[in-house]
Amino acid sequence: MMAIPGSRSSSTTSTNKGTCSVCIKAVKWVPVLFILSIVVWSYYAFVVQLCIITIESTIQKVIYLVVYHLLFFMFIWAYFQTIFTNIGQVPSQFKLPEGELERLTHAETEEMQNAILERFSQNLPNRNRTINGNVRYCEKCKHVKPDRSHHCSVCGECVLKMDHHCPWVNNCVCFTNYKFFILFLGYALLYCLFISMTSVQYFITFWRGHRHSTEPLGGLEGMGRFHILFLFFVAVMFAISLASLFFYHIYLVSVNRTTLEAFRSPVFYHGPDRDGFNLGRRKNFMQVFGENPKLWLVPVFTTLGDGTAFDKRPSTEDMEELLYEINYEDE
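Since the structure is predicted, the reported quantities are computational estimates derived from the model, not experimental observations. (Residues numbered from 1 in each chain as written. Predicted model: local features only at pLDDT ≥ 70, side-chain atom pairs only at ≥ 80, totals over all residues. Heavy atoms only, no water.)

Novice: How should the pattern of salt bridges be read in this particular structure?
Specialist: Think of it this way: side chains of opposite charge can pair up when their charged atoms draw near. A complete count under the given rule lists 5 salt bridges for this structure. The shortest N-O distance in the salt bridge between D275 and R257 comes to 2.6 Å. Linking D275 in the loop between β8 (271–272) and α9 (281–289) with R257 in the loop between α7 (223–254) and α8 (259–263), this pair joins segments that are 18 residues apart in sequence. (Salt bridge = Lys/Arg side-chain N within 4 Å of Asp/Glu carboxyl O. Helix = DSSP H or I, 4+ residues; strand = E, 2+ residues; numbered from the N terminus.)

Novice: Would you explain the UniProt feature "transmembrane region" (unreviewed entry) in the protein in this entry?
Specialist: Residues annotated by UniProt as "transmembrane region" (unreviewed entry) correspond here to residues 32–55, 62–80, 180–207 and 228–251. Secondary structure within residues 62–80 divides into 100% helix and 0% strand; the distance between the first and last C-alpha atoms comes to 27 Å. Summarising residues 180–207: 100% helix, 0% strand, and an end-to-end C-alpha distance of 37 Å. (UniProt positions renumbered as here; feature names shortened; annotations may be inferred.)

Novice: Hey, could you run me through the environment of T109 in this one?
Specialist: Looking at the element boundaries, T109 is found in the loop between α4 (98–105) and α5 (110–120). Given the relative accessible area of 33%, T109 is considered partly exposed. (Buried < 20%, exposed > 50% of the residue type's maximum accessible area, 1.4 Å probe, protein only.)

Novice: In this structure, what is going on with the packing of aromatic side chains? I would like to understand it.
Specialist: In this structure the tally under the stated criterion is 25 aromatic pairs. Here the aromatic rings of F34 and W168 are separated by 6.3 Å at their centres, their planes lie at 45°, and the arrangement is tilted. Highlighted residues: F34 in helix α2 (residues 30–54) and W168 in the loop between β5 (164–166) and β6 (171–173), separated in sequence by 134 residues. Classification of W168 by relative accessible area gives partly exposed; the value is 44%. (Phe/Tyr/Trp six-rings, centres within 6.5 Å; stacked < 30°, edge-to-face > 60°.)

Novice: Explain a nonpolar patch on the surface to me, please; I cannot follow it from the model alone.
Specialist: On the surface, I59, V62, I63, V66 and V67 cluster together into a nonpolar patch covering about 450 Å² of accessible area. The residue I59 is located in helix α3 (residues 58–84) in this model. (Patch = residues over 30% accessible without salt bridge, like charges linked within 9 Å, V, L, I, M, F, W, Y side chains within 5 Å. Areas by Shrake-Rupley, 256 points an atom, 1.4 Å probe, with all protein chains shown as cover.)

Novice: Looking at this structure, how should I read the confidence of the model for the protein?
Specialist: Residues shown with low pLDDT carry predicted positions that ought not to be read at fine detail. With 84% of its residues at a pLDDT of 70 or more, the protein shows a mean pLDDT of 86. Long-range and interchain partners of residues 1–7, a stretch whose pLDDT sits below 50, account for 0 contacts in this model, where long-range means more than four residues apart. Counting interchain partners and residues more than four positions distant, the pLDDT-below-50 stretch residues 211–219 has 19 contacts. (pLDDT = per-residue confidence, 0-100. Contact = heavy atoms within 4.5 Å.)

Novice: How should unusual backbone geometry be read in this particular structure?
Specialist: Negative phi values dominate among residues other than glycine, just as trans dominates among peptide bonds. A positive phi angle, close to 65°, is found at K142, a residue other than glycine. With respect to the secondary-structure elements, K142 resides in the loop between β1 (137–138) and β2 (143–144).

Novice: It is not clear to me how the environment of P146 should be interpreted in this structure. Could you clarify?
Specialist: Positionally, P146 belongs in the loop between β2 and β3 (150–152). Judged by relative accessible area, which is 0%, P146 ranks as buried. For P146 and G307, which are 161 residues apart along the polypeptide, the C-alpha to C-alpha distance reads 8.2 Å. When residues no more than four places from it in sequence are discounted, the contact partners of P146 are V90, F94, N126, R136, L160 and T308.

Novice: Mind showing me how you'd approach helix α6 (residues 178–208) here?
Specialist: Because the α-helix completes a turn every 3.6 residues, residues three or four places apart line up on one side. Between the first and last C-alpha of α6 there are 43 Å, a value that for 31 residues agrees with the 45 Å anticipated at 1.5 Å per step. When the local axis directions of α6 are compared, the greatest deviation, roughly 50°, occurs at S199. Of all the 31 residues making up α6, 23 are buried; the element is thus mostly covered by neighbouring parts of the structure. (Expected span 1.5 Å × (residues − 1). Bend = angle between axes of the 7 residues up to and from the residue.)

Novice: I keep staring at the nonpolar core and nothing clicks. Help me out?
Specialist: Side chains of a nonpolar character, in soluble globular proteins, are inclined to be buried together. Core analysis: the largest hydrophobic core is formed by 47 residues, its most contacted members being F46, Y68, F75, Y178 and F184. Within the residue set of this core, elements represented by two or more residues are α2, α3, α6, α7 and α9. Sorting elements by how many residues they give to this core places α6 first, with 14 residues. Look past the residues within four positions of F46 in its chain and what remains in contact with it is C51, Y64, Y68, F194, I195, T198 and L231. By size, the runner-up hydrophobic cluster in this structure holds 18 residues, among which are V90, F94, C141 and L160. (Core = buried A, V, L, I, M, F, W, Y, C linked by side-chain atoms within 4.5 Å.)

Novice: What's the story with the side chain of S149 in this structure? I'm lost.
Specialist: Here S149 is to be found in the loop between β2 and β3. Residue S149 is classed as buried on the basis of its relative accessible area, which comes to 0%. Those residues within four positions of S149 in sequence are excluded, and the remaining contacts are R136, V159, L160 and K161.

This is the structure:
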């Protein structure tokens, strides 16, 4: 049998690429595993070292454990929803047919390309434009970009209403999981604050070194003391960072803006407009959390829309055009 020249080399290259890809995917989970390891340790430190061993009052133990496990459950639920919720896909209606793609590829000038994209996107719910006023097109995914979508280099595809790619959840924060992300931040903040407030007296006692004081120490001896010390310290540090991030995203929700749009204003027909999607605080909030108040704090999907069509605040040009049409009809 005749050997095919270069076949062994191609096979080796393919194997190396496959191995490298697996390694890269594994490395991406390191931040998530780090967070989970901290959470598992905090569970042991709070439940075992603080509640079971240290606290002597049964009533206090029960209250602490019930509240703690409620916050722990909601926090983990929201976190896993953020991690494992699929980022979604751009609908097929935004993908150019083979004929249109062929004409776009062989177009000789940029003007011809823009004309093809303009004609194709006439019936699409698109309002965003490039900085030059052209239709937004992704050359890697071969489709017109829906409003507020961006191509993520980490995920390797266009993401609907992309906010940012978060390594701590190994996923893009976007249209499909933005509600979960905010709830994750909120419940994580409450989780850290609760741990801080319930462990602070034992932290102070250990820090002062009052071994024979009249303050309740229970079984807080040896390594248990260090668990309580670091539990309080870690909870406070995480609470500070989570608070700034949580309230920043609450602000973004209130003005209907993504993190990317906060750094670079979206462009419309009339030019850049940072408040182009701002519909008022109530409507902005409901776009993310839905219309049912009973589900606002529950990590289930209630976000309105499909991630491609968004209500847009009317610009000055839109209002002038609307007034002109009204006056014209009155005549």
